[in-house]
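Given next are the chains, with one letter for each unit.
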Amino acid sequence: MREADTLRPPQLMEVSADIISTVEFNHTGELLATGDKGGRVVIFQREPEMRKLRGVTQLVNSRPGMEARLPDTRTASKNAPHSQGEYDVYSTFQSHEPEFDYLKSLEIEEKINKIKWLPQQNAAHSLLSTNDKTIKLWKITERDKRPEGYNLKDEEGKLKDLSTVTSLQVPVLKPMDLMVEVSPRRIFANGHTYHINSISVNSDCETYMSADDLRINLWHLAITDRSFNIVDIKPANMEDLTEVITASEFHPHHCNLFVYSSSKGSLRLCDMRAAALCDKHSKLFEEPEDPSNRSFFSEIISSVSDVKFSHSGRYMLTRDYLTVKVWDLNMEARPIETYQVHDYLRSKLCSLYENDCIFDKFECAWNGSDSVIMTGAYNNFFRMFDRNTKRDVTLEASRESSKPRAVLKPRRVCVGGKRRRDDISVDSLDFTKKILHTAWHPAENIIAIAATNNLYIFQDKVNSEMH
């Protein structure tokens, strides 16, 4: 395999540039960013004036240049308070453009792979966005005043004739309509040979890492021309390649620790204090394979598509094709919890392999208290698991559920035998409708679900069974 070749399995190409490819809340949850296949980033802001409603849902179309398509939960008066959890379009900008690598004869698509918010240091907000090759740091600022009364410039900004200036005046700031400005602050390029699959901001707020199929690089946020390679699993002979890196993340509290997952289903926890190159991990988390369940698809479905540290830093959450697992950092032998996402698909792996769905990369998310986990599935279903009560629920993101104050009804997939009235047969599932990208508000029970080119925002009912 040549250096320029991609290590990803073939995927069905989507033609729509509006398909959402990543979703991310900022650290307060007041802002929500989405990236799409067209290289665009849309930022939504939570309305400051709120009144508490039960079971509020919201549907937002991500296409830039359009108003947010919201359910009519507001009255006609502009002074009416907004419902809790309602997000409106705050800013839209083009983050990446399609490029072409002439040396390697490779097209670099503009699709946004990941977005990560930086902790807020001042009035401005900052985020990192990346496509397959280039990472960009963006600054988002607000301006609601403009200076007037320059001595050397006229109202149009042109220089005055100095001979006409007979007196001096002090410029004043006057109110203006709010303007949101997005400007690129840094461009981090030429750091990866293969496709970037994840970025993660360190808790020191000074560095971040980016991972591709074979390497992980450490960057300083102020330095764009060089990065430090901290993991390199590329063998001397590419024919000896047995696994690739699928995701990585920094520990939320310890700036020296990070984890990365592999296509073989293993997790490696690394400590940057031990060595500059972390090829030797500190801990290896791997579940022994049951020989009785071994099949042609075993390695494919065991590949970890996402890994997330819990907010406490004690646990790790991973998603493979059929399950989500919770790992304790103090126990490497096996996960402490395993939840079946859609085990009814186990008998359909052959057809899922033929239509490439078996290579779909589902993400997972923790709620703010680490007590509930969420992940996506097919037919626009998403699953939630309560770690305390061990109860789970299947919900659907659809236009019917985005009506004002609509309450989501649990869905059930029927494999065979008797069916209830609202059950759906496993043979009727639509595999083109898939929930790959999800995000959970860091403090409240508000979730964002990306379903193709639609963004659904759901708010939990007060005192509901699922937290």
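Predicted, not measured: the structure shown is a model, and the values here were computed from it.

Chemist: Break down the overall build of the protein for me, with residues and values.
Modeler: Regarding its fold elements, the protein presents 2 helices and 34 strands. Going through the 467 residues of the protein one by one, you find that 51% of them count as buried. By sequence separation, contacts in the protein at least 24 residues apart represent 57% of the contacts at least 6 residues apart.

Chemist: Explain unusual backbone geometry residue by residue, including any values.
Modeler: Even without a glycine there, the phi angle at Asp370 is positive, about 65°. Mapped onto the elements of the fold, Asp370 is located in the loop between strand S26 (364-366) and strand S27 (372-376). With a relative accessible area of 9%, Asp370 lands in the buried category. A positive phi angle, close to 65°, is found at Lys390, a residue other than glycine. Among the structural elements, Lys390 can be located in the loop between strand S28 (381-386) and strand S29 (392-396).

Chemist: Now, about the nonpolar core: what can you tell me, with residues and values included?
Modeler: By size, the foremost hydrophobic cluster in this structure holds 30 residues, and its most contacted members are Tyr321, Val324, Leu345, Leu352, Ile358, Ile373 and Leu429. Counting 16 residues, the second-largest nonpolar core is a separate cluster that includes Val372, Met374, Val393 and Leu395.

Chemist: Explain the sheet that holds strand S1 (residues 20-25) to me, and be specific about the residues and the numbers.
Modeler: The antiparallel open sheet is built from 4 strands, whose spatial order is S1-S2-S3-S7. On the outer flanks of this sheet lie S1 and strand S7 (87-94), each paired with one strand and no other. Across the sheet, the mean angle separating the axes of adjacent strands is 20° when strand polarity is ignored. Relative to strand S3 (residues 40-46), strand S2 (residues 31-36) runs antiparallel, the two being bridged by 5 bridges. Within S3, the residue paired with Ala33 across the bridge is Ile43.

Chemist: Tell me about the packing of aromatic side chains, and name the residues and values.
Modeler: Two descriptors summarise a pair of aromatic rings, namely the distance from one centre to the other and the angle between the planes of the rings. As enumerated under the stated definition, the model contains 19 aromatic pairs in all. For the pair Phe296 and Tyr353, a centre-to-centre distance of 5.6 Å together with 85° between the ring planes defines the contact as edge-to-face. Here Phe296, found in the loop between strand S21 (283-285) and helix H1 (298-302), pairs with Tyr353, found in helix H2 (residues 349-354); they are 57 residues apart in sequence, far enough to count as distant. Among the residues examined, Phe296 registers a relative accessible area of 60% and is labelled exposed. What makes Tyr353 partly exposed here is its relative accessible area of 33%. Joined through ring pairs, the aromatic side chains of Phe296, Phe297, Tyr353 and Phe359 make up one cluster.

Chemist: Give me the lowdown on the environment of Tyr339, citing residues and values where you can.
Modeler: Relative to the assigned elements, Tyr339 resides in strand S25 (residues 337-340). Discounting residues that sit within four places of it in the chain, Tyr339 has contacts with Leu322, Thr323, Val324, Val326, Ile373, Phe385, Arg387 and Lys390.

Chemist: Please provide a residue-by-residue account of the environment of Ala124, values included.
Modeler: Within the secondary structure, Ala124 is located in the loop between strand S10 (114-117) and strand S11 (125-130). You can call Ala124 buried: its relative accessible area is 9%. Not counting chain neighbours up to four residues away, the residues in contact with Ala124 comprise Lys139, Ile140 and Thr141.

Chemist: Hey, could you go over the side chain of Asp306 for me, with residue numbers and the actual values?
Modeler: Position of Asp306 among the secondary structure elements: in strand S22 (residues 306-309). Polar contacts involving the side chain of Asp306 include one to the main-chain amide nitrogen of Cys364, which spans 3.0 Å. Leaving out residues up to four positions away in the same chain, Asp306 has contacts with Ala247, Leu317, Thr318, Arg319, Phe362, Glu363 and Cys364.

Chemist: Would you mind going over the pattern of salt bridges in detail, with residue names and values included?
Modeler: Overall, the coordinates contain 26 salt bridges when judged by the stated rule. The partner of Arg215 in a salt bridge is Asp232, with the nearest N and O atoms 3.3 Å apart. Of the two residues, Arg215 sits in strand S16 (residues 215-220) while Asp232 sits in strand S17 (residues 228-232), which places them 17 residues apart along the sequence. According to the relative accessible area criterion, Asp232 is partly exposed, its value standing at 25%.

Chemist: Outline the sheet that holds S27, listing residues and values.
Modeler: Here 4 strands make up an open sheet; going across it, the order is S26-S27-S28-S29 and the pairing antiparallel. Edge positions in the sheet fall to S26 and S29, since each of these pairs with one other strand and no more. For this sheet, the mean inter-axis angle between neighbouring strands, taken without regard to orientation, is 20°. When S27 meets S28, the two strands line up antiparallel, connected through 5 bridges.

Chemist: Describe in detail a nonpolar patch on the surface, supporting the description with residues and values.
Modeler: On the surface, a nonpolar cluster with roughly 350 Å² of combined accessible area is contributed by Leu152, Leu159 and Leu162. Mapped onto the secondary structure, Leu162 falls in the loop between strand S12 (135-148) and strand S13 (172-188).

Chemist: So what about the environment of Lys264? Which residues, and what values?
Modeler: By secondary structure assignment, the location of Lys264 is in the loop between strand S19 (257-262) and strand S20 (267-271). Assessed through its relative accessible area of 39%, Lys264 is described here as partly exposed. A C-alpha to C-alpha distance of 9.0 Å links Lys264 and Glu286, two positions 22 residues apart in sequence.

Chemist: Break down the pairing of strand S33 (residues 446-451) for me, citing the residues and quoting the values.
Modeler: Within S33, 6 of the 6 residues are buried, which leaves the element mostly enclosed by the surrounding structure. Burial of S33 is two-sided: the residues Ile446, Ala448 and Ala450 facing one way and the residues Ile447, Ile449 and Ala451 facing the other way are all buried. Two strands pair when backbone bridges link them, and strand S32 (residues 437-440) and S33 are joined in this way by 4 bridges, in the antiparallel orientation. For His437, the partnering residue across the bridge sits in S33 and is Ala450. Counting the residues in the hairpin turn of S32 and S33 gives 5 residues.

What counts and what doesn't
Residues numbered from 1 in each chain as written. Predicted model: local features only at pLDDT ≥ 70, side-chain atom pairs only at ≥ 80, totals over all residues. Heavy atoms only, no water. Helix = DSSP H or I, 4+ residues; strand = E, 2+ residues; numbered from the N terminus. Buried < 20%, exposed > 50% of the residue type's maximum accessible area, 1.4 Å probe, protein only. Contact = heavy atoms within 4.5 Å. Core = buried A, V, L, I, M, F, W, Y, C linked by side-chain atoms within 4.5 Å. Pairing = 2+ DSSP bridges. Axes fitted to C-alpha atoms, helices over the stretch in contact; angles between N-to-C directions. Phe/Tyr/Trp six-rings, centres within 6.5 Å; stacked < 30°, edge-to-face > 60°. Polar contact = N/O pair within 3.5 Å; in protein donor to acceptor, adjacent residues only side chain to side chain. Salt bridge = Lys/Arg side-chain N within 4 Å of Asp/Glu carboxyl O. Patch = residues over 30% accessible without salt bridge, like charges linked within 9 Å, V, L, I, M, F, W, Y side chains within 5 Å. Areas by Shrake-Rupley, 256 points an atom, 1.4 Å probe, with all protein chains shown as cover.

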